[in-house]
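# Overview (structure and organization)
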Amino acid sequence: MEIKLIKSHFPAGKKSLIAIMRVMIFFMCTTVFCLTTDNSFSQVEVVIEKNESVVIDEVFKIIKKQTDYSFVYPKKLFLNKPKVSLKKGKISVSELLNQSLLSINLSFEFTDRNTILIKKNPVINDVKPVQREIKGSVTSSKGDPLSGVSVIIVGTTNGATSDFDGNYIINANKGDVLRFSYIGMKTVEIIVGEEETVNVVLEEDSLALSNVIITGTARKTQTALETSYGVAILGPAAMDREVPVGLVDLIDAVPGLYGEPSGGDVNTLLTARGTTGGFNSFISLQEDGLPVLYTPFLTEYEIRPDATYDRIETVLGGPSGIFTAQGAAASVNFISRIPKSVRGEVRLAVTDYGRIRTDLFYGGPINDNGWYATIGGYYRRGDGVRDVGFTGDHGGQIRANLKKVFENGDVTFSYKGIRDHSIFYWAVPTDASGDGNPKAIPGLDPRNESLMGTDVKTMHLKTRNGTQIIDLDTGQESITDQFSVKFNYDLGSGFRVKEHVRISNINTNGVDLRTRWFNSMLVASDYVADQTTVLLDAFPSAVSTQLVRVNDGQVVNNPSTLNGNGLLLLQEMLSYQKEHRNFINDFQLTYEKDNFIATAGLQYWDMATKSDYVSGHFLTDAKHQSERYNIEALDANGDAVGHLTDAGVVTHSLLDNHGSLDTRSTNPYLNIQVQPIEGLWIDAGIRNETVRFKATGEGTDGSAPLDPSSNILANRAYGWFARNGQLYNGTISASETTWTVGANFKFNDNFAIYGRYTKAHDFAASNEFSYFNAGTPNLGLVNDPAKLNFGEIGLRYQSKTLAFWATAFFSENLGFPVRSIDPETTALGFTAADNKTSGIEFSSTWKPITELSFEFSGVIQSSKIENTASNDLIVGKRPARIPNTQLRFVPTFNFNKGKAYVSAQYVGNRFADGANSLEFDPYISFDAGVNYDFTDNLMLSVQATNLTNVLAYTQGNPNDGNGPVDVLVGGKYALAQALPGTVISTSLIFKF
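Residues numbered from 1 in each chain as written. Predicted model: local features only at pLDDT ≥ 70, side-chain atom pairs only at ≥ 80, totals over all residues. Heavy atoms only, no water.

For the protein chain, the name recorded in an unreviewed UniProt entry is TonB-dependent receptor, with Wocania arenilitoris as its organism. We quote the UniProt Subcellular location (unreviewed entry) comment for the protein chain here in full: "Cell outer membrane". (UniProt positions renumbered as here; feature names shortened; annotations may be inferred.)

## What to know about the overall build of the protein chain
In terms of regular secondary structure, the protein chain is built from seven helices and 56 strands. Considering the protein chain as a whole, with its 992 residues, one finds that 57% of them fall into the buried category. Excluding contacts between residues fewer than 6 apart, the proportion of contacts in the protein chain whose partners are at least 24 apart in sequence is 70%. Split by element, the accessible area of the protein chain, about 39600 Å² in all, is 55% carbon and sulfur. (Helix = DSSP H or I, 4+ residues; strand = E, 2+ residues; numbered from the N terminus. Buried < 20%, exposed > 50% of the residue type's maximum accessible area, 1.4 Å probe, protein only. Contact = heavy atoms within 4.5 Å. Areas by Shrake-Rupley, 256 points an atom, 1.4 Å probe, with all protein chains shown as cover.)

## Re the packing of helix α2 (residues 56–66) against helix α3 (residues 93–101)
Between α2 and α3, the least distance of the axes is 11 Å, while the angle of their chain directions is 175°. Classed by the angle they form, the pair α2 and α3 counts as roughly antiparallel. Where α2 abuts α3, its residues I56, V59, F60 and I63 lie against V93, L96, L97, S100 and L101. Classifying every residue of the contact of α2 with α3 by side-chain character gives eight nonpolar, one polar and no charged. (Axes fitted to C-alpha atoms, helices over the stretch in contact; angles between N-to-C directions. Parallel < 35°, antiparallel > 145°, perpendicular 65-115°, else oblique. Nonpolar A, V, L, I, M, F, W, Y, C, P; charged D, E, K, R; others polar.)

## Here we look at the nonpolar core
One broad trend across soluble globular proteins is that nonpolar side chains are buried collectively. By size, the foremost hydrophobic cluster in this structure holds 30 residues, and its most contacted members are I251, L257, I283, L285, I312, V332 and F334. Mapped onto this core, the elements with two or more residues apiece are β15 (230–234), α5 (247–251), β17 (269–272), β18 (283–287), β20 (309–316), β21 (330–336) and β44 (786–798). (Core = buried A, V, L, I, M, F, W, Y, C linked by side-chain atoms within 4.5 Å.)

## Looking at the environment of A373
Relative to the assigned elements, A373 resides in strand β24 (residues 371–382). Taking the C-alpha atoms as reference points, A373 and A400, 27 residues apart in sequence, are found 7.4 Å from one another. Contact partners of A373, with chain neighbours within four places excluded, come to Y362, G363, G364, I366, N401 and L402.

## With respect to helix α7 (residues 524–538)
Between its first and last C-alpha atoms α7 spans 21 Å; for 15 residues at 1.5 Å apiece the expected length is 21 Å, and the two agree. For α7, the full list of buried residues reads A524, Y527, V528, Q531, T532 and L535. (Expected span 1.5 Å × (residues − 1).)

## What about the sheet that holds strand β7 (residues 115–120)?
With respect to topology, three strands assemble into an open sheet ordered β3-β7-β6, the strand pairing being mixed. Of all the strands in the sheet, just β3 (70–72) and β6 (106–110) have a single pairing partner and so form its edges. Averaged over all pairs of adjacent strands, the angle between their axes in this sheet comes to 30°, without regard to strand direction. Sheet topology places β3 next to β7; three bridges connect them, and they run parallel. Among the inter-strand pairings, F71 is bridged to a residue of β7, identified as I116. Docked against the sheet, α3 engages β3, β6 and β7, running at close to 155° with respect to β6. (Pairing = 2+ DSSP bridges.)

## Quick look at the pairing of β24
In terms of strand pairing, strand β23 (residues 356–365) meets β24 through 10 bridges, oriented antiparallel. Residue pairing across strands places Y362 opposite I375, the latter belonging to β24. Hairpin connection, β23 to β24: the antiparallel pair is bridged by five residues, and G370 has positive phi, about 90°. Sheet topology note: the β24/strand β25 (residues 393–406) ladder contains 12 bridges and is antiparallel.

Rendered as C-alpha cells:
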C-alpha cells in the first residue's frame, strides 16, 4: 500500500487573517451562547494578602471588606471551630467559603440583597458514623508540599484542606472515596482502606488553564485562562516525557515554536510564528525571569535542562517584548526548583548510542528561620547521536540556590557553572536527483552517520600567529560562570519592588567540520583533472598526477568510483572562540490594588565580547567518517615532486578574523493591567530601548604569501582572509520603541476570549559579526533594527475533562537580514527582507476517563517573503527551512504503576533555500515511552524517538544563502541535514 501526503496551501496575507478571525469570532459567540449561565456570585473574587491561619469570622471580614456581601448566622456558631488556612493570592468567594465551611459540616446560601446565609447541614440518619481519622501529606511530583489542596469525601459535603506543609486530617470510613484537587494539578481519587495514613502525589497538568503564570506579567495570581497572549507550560511530567536531543528539541513541543534538532544539542535554530532571522532571533531565553544573553547568537548554549528546573513557561508575543529586550516574538522562561521540604532526586540515563548521563538534585529548608538551599546538575559522557568514532559529548553543569524568606519578601543567591562539550553536525551530501525527498548516498546514512571521524579529527593550521592545532574533540565547548541575585519585597499599601541582577563570564570554543561553501562538493574525476593542470604548471618536471589517501598512501586509480558515489569534499575545519562578559539589571516597582496593576521598570545591559575565528580546508572523500586525500604530481620515474595538500589541508587560514563588540542597552518600560468591569482585563505596555554598539575588527589580506617556494601548493599562500594586524573601529547608537495592547474577557471559570496587537523591534544579531567588515566605513555597523508587528485573537476553554485554546495570528517581520547570493556573480552577501505570516495555533487535552488522555496541538500557517532590498529570487517564496504545518498527537494511558504514551508528529514540507528550488517532503515521526513505578520513590523510564527511523530533512546548506539550489553537483548531489534516526533511552529515577 502506498500512502501519499497531499500538500495543502493555507491562504496568505491579511485578507486570510480577517477570514480566520471571523470564523474564530463566530465560534466564540456560538460557544458563549451554548454555555450554561452561571450565577455571577461564582465569579466574584477576593485577594488574600498573605499566608495565614484565621478563625472563620475573619474570613467573613475579608469578604465583606472587598465586596458588597453581608453574612447572617447564629451566635456562637463557630465556637471551638478550627482555624482556616488561607493561601496568599486570588480566590473566588464561593471557593473560599467552601474551603472554610465544608469540613465543619456547614453550608451557605446566597439570598437576595447580597446576603449570604450560613447554616448547619441537616443530619441524615443513614449516614454512617465516622469511625477513624485519616491523615497524610500532599506533594507535587517534584516532592514539594502543596498547601490549600481540597480533600473531599465524594458524595458528601465533608472535607478538609491541606496546611502550609501539605498535611491534612479528615474523618472517613473504610470504602469512602477521597478526592484531592488543586489548581493546576490533576485531580486524584483514592479509596480508603485499612490504612490510616494516605500520602498523595499530584501531577502537574501541563495544559491546565488554571495554572498561575509568572512570565510576561506583574500580576500575582494571573492564570493562563486570564492572559491576553499565547501561553504554554511544560511541567515536570511533560519534561520527563520528552527525550530531547537538545534545548530546541524540548521546547519545539510548544505550538507556535519550531526547532531543528538535526544539528545536535547546540548551535540550532528556533523560530516563533514564522519569524526568521537566524540564531534564535526575536526569542528571549530566560532563567528565573532574567534573560541569559542579549544577543541570540549562541544563547541556547547557556540553558541546559536538568533536574534542577521545575517547569518551563513560554509567552508568545504580547508583553514578551515589553519586559525584556530581544524577546519580541517569544520568551521562554526556565524556572528553578526550590522545594518547601527536603527533597532529592537521582537520575541515571543510558542511550543506545552509548551516552551515560547522571542528574542530581537535593534541596529544601536548612533551618527554621526561612533559609532554603538547593544544589544539583548533571554529568554526561559518551558518543553523540551520530557515530563519529570518538567521544564527542562530555561534561556537565552545576546549579545552586540559597534563598532567604522573610516576612514581606525574599532574596535568592544563585550560581550556575557549565563545563561541557557537545558535537555539532553539519549538512551532508545527499542524492537530490529525481522527484521527492533527497536520498542517502552510498557510504553515508545522514540519520546515524557523520562525515566527522578519527582521520579528520585534528588539523594543523598555519596562520600568521603560528601553527594552530584544531581538534574536533573540543566540540562546542561551553565554560560558564553565572551569578544571580533576585530580591523581592512587599512595601505594603499595594506596592512591591523587584531587583534582579545577573553577572556572567562565558567562554565558548566551537570546533566543527562543515561542508558549506559553494564549491564544497566536487565530482572527483573532474576535480583531479582540473588540479592536474594546476600541478603540471606549478612543477615543470611533473608529467602526471594521482589521487592518494593520506593515512596509508593508497592510490585511487578510478576517482569516479570512489566510495560508490565518486565525490570529493572540501570540508572546512572551523574554530570559533568567543569571550562574553555580561551584566544585566532589571528593576521593577509594581502597584497592585483591587483591579489595577501598574509596573514601571528599568532593564539595563552591559556586554563585552571578543571573537576569534580561524579555519582551513581539508580535501576528503564523502563517506561515513571521511578520510583525507592528496593529489600528487609525479615525474617520469613515478616519484612525487609536488603535492596539492599539506597532509590533506588544501587551504590554510581560509578565514582568520578577530574583533570585539561592546553593547550597552537601556530599557525603561511601563505595563498597566486594569479590570474596568467584571471579567474583563485590559493591559498595555511600552518599552523604549537606547543602545550603543562599539566594535573593533582586524584587517585581513586575501591569498597572502606563506612559503612561495614550497613543493606543497597549500603552503605557498594563505587563504581568503588572513589577519594583518591593522585594527578598525566603529561606534553607533540607536533608539527604538516597542508597544502592545491586549484584552481578556473571562465569561466564567471555564471560558475566555482574548486579543492583542503589538508593534515591536529587535536589534537581534544585526551587528554580531561586524568584525568581518574591517575596512568598511564604521565597520558596517547598523542602527536600524528589525521591526515586528503581531496581531492575535483567541479563545480558551476548560472543563473537568477538556482543556482547549486556539489563536489566530498574523506576524510581520520587516527589514530582517537574510543571506543572499547574487544570481550573476554568485557572491555571498546579505539583504534586507520582509516576511509576513498568518495562521492558527492550538492545543487541547481531553481526558474522558481517569486512565486515558489525548493531547492534540499544532500550528497551520502561511508564510512568504514579500519584499527584499536586492534579491528578487526570493520574493513571493516561503522562508527557507520553516514548515507551514506542524501537528502533534499524544495519547497517554495511566495504569496502576505508571503510564505509557505514544507521540505522533506531522511536519509539512520545507524548502532548503529561499528560492524554493529544493523541497523536502512532509514527514510523520513517532515517539513512545513507558514509565513504571517500582515504589513511590523508584521509577523506570524507557523512551524512544523516531521509532520508524524516518529519513526526514530539516535544512539544506545554511551558507547557500537564498539563491536557488538549481545546479546540483554532478547533476544529482545537494547538501542536506536530517533528523537523527531511532534513539532509545532508559532512565532509572530515585526520588526521596
